[in-house]
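One letter stands for each residue in the lines below.
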Amino acid sequence: MHLIDLSGKAAVVTGSGRGLGLAYARALAAHGASVVVNDIDESVAGQAVKSITEAGGTAVAETVAVGTAEAADRLVNRAVTEFGRLDILVTNAGILRDKVLWKMTDDDFDAVLTTHLKGTFTCARAAAVRMREQGGGGTLILVGSPAGQRGNFGQTNYAAAKAGIAAMARTWSMELARAGITVNAIVPVAATAMTETIPAFAPYIEAMKNGEALPGFLRKGEGFGTPEDCAALIPFLASEAARDVTGQCIGIGGDRVTLWSHPREIRAAYADGGWRPEALADAWHTSVGAEPESVGIPAPKVPEA
């Protein structure tokens with residue numbers, strides 16, 4: 001069995017004051033990494049650091065909203081100042097501004113894209129510059145979502161940002177390969193404040209808060225569990241055991257880990273001399289369009305009582 005030991009490594013985890021981000025930071029610290037905890041709320045970040053240090057880990061807080069180059073530089077510089085280097089970046093920070101297309105404002109769109117997509121870009125750029133300068137490789141772990149893989153009703157901004165993050169992971173895995181820096185996107189599914197709003201999940205999450213275990217149909221069938229379940233992926237990807245894992249979108253939740261496919265052509269048809277609109281209309285439903293792809297996140301399959 002591989003021993004996951006991150007001693008001597010330094011990490012930045014954005015949006016790590018609570019929820020999944022905190023679970024990621026704790027997991028890294030538990031395996032020996034020193035962690036910069038980031039949140040927009042100073043007291044929340046401080047409590048997160050306290051929980052890590054009381055468990056024997058090493059962490060400091062940096063309170064800043066991600067999105068700008070200045071914020072990214074602050075996070076990277078804090079890691080270098082405190083720990084002498086930066087080896088791991090996890091871009092978890094995010095917000096939601098859910099609305100259907102015809103009700104979504106420019107501000108709703110821009111706020112989500114700034115935090116998720118630009119925040120991932122600016123932080124990854126600053127981290128890549130530092131990692132390339134210091135040598136020895138590194139790890140970028142970008143946080144995606146099922147919404148970015150399949151779309152989700154009412155989440156134009158969030159789905160677009162998360163789809164872009166998956167595309168950036170593939171692109172950066174090529175650009176940073178020579179520097180020994182791996183880049184992957186993760187697709188976590190866990191009981192959080194956001195998933196509590198899903199009616200099918202809500203009663204089980206409430207029961208979990210009262211000490212009951214999540215049932216097997218959720219943990220295995222839906223790949224749905226706790227933030228700590230998802231956090232197991234982070235130390236693995238940051239370790240030597242995953243030096244050959246890059247450019248992937250990896251799902252995790254409950255008892256399940258998955259590999260998402262990249263977009264690819266799945267069917268083709270040909271017309272000598274090229275296609276005309278009329279020919280496409282005649283051929284579509286019996287050739288490439290015979291089995292259209294589904295959209296959206298599949299509804300949970302809850303067993304009948």
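This one's a predicted model, so the numbers in the text were calculated from it and none came from an experiment.

Here's the deal with the overall build of the protein chain
Logical step 1: The helix and strand inventory of the protein chain stands at 11 helices and 8 strands.
Logical step 2: Here the C-alpha atoms of the protein chain give a radius of gyration of 21 Å, agreeing with the 19 Å that 2.2 N^0.38 yields for 305 residues.
Logical step 3: Overall, the protein chain is about 65 × 50 × 45 Å in size when its C-alpha atoms are taken along their principal axes.
Logical step 4: Relative to its full complement of 305 residues, the protein chain shows a buried share of 46%.
Logical step 5: The long-range fraction of contacts in the protein chain, counting pairs at least 24 apart against all pairs at least 6 apart in sequence, stands at 69%.
Logical step 6: Here the protein chain contributes 27 positive and 33 negative side-chain charges, whose respective centroids are spaced 3 Å apart.

Focus on the pairing of strand β5 (residues 138-143)
Logical step 1: Among the 6 residues in β5, 6 count as buried, and that is most of the element.
Logical step 2: Residues G138, L140 and L142 of β5 are buried on one face, and the alternating residues T139, I141 and V143, pointing to the opposite face, are buried as well.
Logical step 3: Between the parallel elements strand β4 (residues 88-91) and β5, the chain passes through helix α4 (residues 106-134) in a crossover that is right-handed.
Logical step 4: Here 6 bridges tie β5 to strand β6 (residues 181-188), and the two strands are oriented parallel to one another. Across the sheet, I141 pairs through a bridge with N184, a residue of β6.

Considering the pairing of β6
Logical step 1: Most of β6 is tucked away: 8 of the 8 residues are buried.
Logical step 2: Residues I181, V183, A185 and V187 line one face of β6 and the alternating positions T182, N184, I186 and P188 line the opposite face, and both faces are buried.

So, the environment of W284
Logical step 1: Within the secondary structure, W284 is located in the segment after α11 (277-283).
Logical step 2: Judged by its relative accessible area of 43%, W284 is partly exposed.
Logical step 3: Sequence separation of W284 and V257 is 27 residues, and the distance between their C-alpha atoms is 36 Å.
Logical step 4: Those residues within four positions of W284 in sequence are excluded, and the remaining contacts are G289 and A290.

A closer look at the layout of surface pockets
Logical step 1: There is about 530 Å³ of room inside the second largest pocket.
Logical step 2: Looking at the second largest pocket, it is lined by 21 residues, and the ones nearest its centre are Q149, S261, H262, P263 and E293.
Logical step 3: Put simply, the parts of the chain that give the lining of the second largest pocket at least two residues each are α5 (146-150) and α6 (156-175).
Logical step 4: Residue classes in the lining of the second largest pocket are distributed as 9 nonpolar, 6 polar and 6 charged.

Things to note about the environment of A33
Logical step 1: As for its placement among the helices and strands, A33 is situated in the loop between α1 (19-30) and β2 (34-39).
Logical step 2: Counting along the chain gives 24 residues from A33 to G57, while the straight-line C-alpha distance between them is 7.9 Å.
Logical step 3: For A33, the residues in contact, after removing those within four places along its chain, are L6, K9, L28 and T58.

Re the sheet that holds β4
Logical step 1: Taken together, 8 strands build an open sheet; the order of strands is β3-β2-β1-β4-β5-β6-β7-β8 and the sheet is mixed. Edge positions in the sheet fall to β3 (58-63) and β8 (256-259), since each has one partner strand and no second. On average, each strand axis in the sheet is tilted by 20 degrees relative to the strand beside it, whichever way the strands run.
Logical step 2: Sheet analysis places β2 next to β3, joined by 6 bridges and oriented parallel. Bridge pairing links V35 to A59 in β3.
Logical step 3: Relative to β3, helix α3 (residues 69-83) is tilted by about 145 degrees, and along the sheet it contacts β1 (10-14), β2 and β3.

So, the packing of aromatic side chains
Logical step 1: For the coordinates displayed, the defined rule picks out 1 aromatic pair.
Logical step 2: The interplanar angle of 75 degrees and the centroid separation of 5.3 Å between the aromatic rings of Y204 and F217 together place this pair among those described as edge-to-face. Pair noted here: Y204 is in helix α7 (residues 202-209) and F217 is in helix α8 (residues 216-221), with a separation of 13 residues, a long-range link.
Logical step 3: Given the relative accessible area of 25%, Y204 is considered partly exposed.

Topic: α3
Logical step 1: The first and last C-alpha atoms of α3 sit 21 Å apart over 15 residues, in line with the 21 Å expected at 1.5 Å per residue.
Logical step 2: The elements touched by buried residues of α3 are β1, β2, β3 and α4.
Logical step 3: Where α3 ends, the next residue or the one after it, G84, has phi of about 85 degrees, a positive value.

Thresholds applied
- Residues numbered from 1 in each chain as written.
- Predicted model: local features only at pLDDT ≥ 70, side-chain atom pairs only at ≥ 80, totals over all residues.
- Heavy atoms only, no water.
- Helix = DSSP H or I, 4+ residues; strand = E, 2+ residues; numbered from the N terminus.
- Rg over C-alpha atoms; globule rule 2.2 N^0.38 Å.
- Buried < 20%, exposed > 50% of the residue type's maximum accessible area, 1.4 Å probe, protein only.
- Contact = heavy atoms within 4.5 Å.
- Lys, Arg positive; Asp, Glu negative; His and termini not counted.
- Charge placed at Lys NZ, Arg CZ, Asp CG, Glu CD.
- Right-handed = clockwise from strand over helix to strand, strands pointing away.
- Pairing = 2+ DSSP bridges.
- 1 Å grid on protein atoms, 1.4 Å probe; cavity = no way out; pocket = protein on both sides within 12 Å on 5 of 7 lines; lining within 4 Å.
- Points joined across faces, edges and corners; volume = space filled by probe spheres on them.
- Nonpolar A, V, L, I, M, F, W, Y, C, P; charged D, E, K, R; others polar.
- Axes fitted to C-alpha atoms, helices over the stretch in contact; angles between N-to-C directions.
- Phe/Tyr/Trp six-rings, centres within 6.5 Å; stacked < 30°, edge-to-face > 60°.
- Expected span 1.5 Å × (residues − 1).

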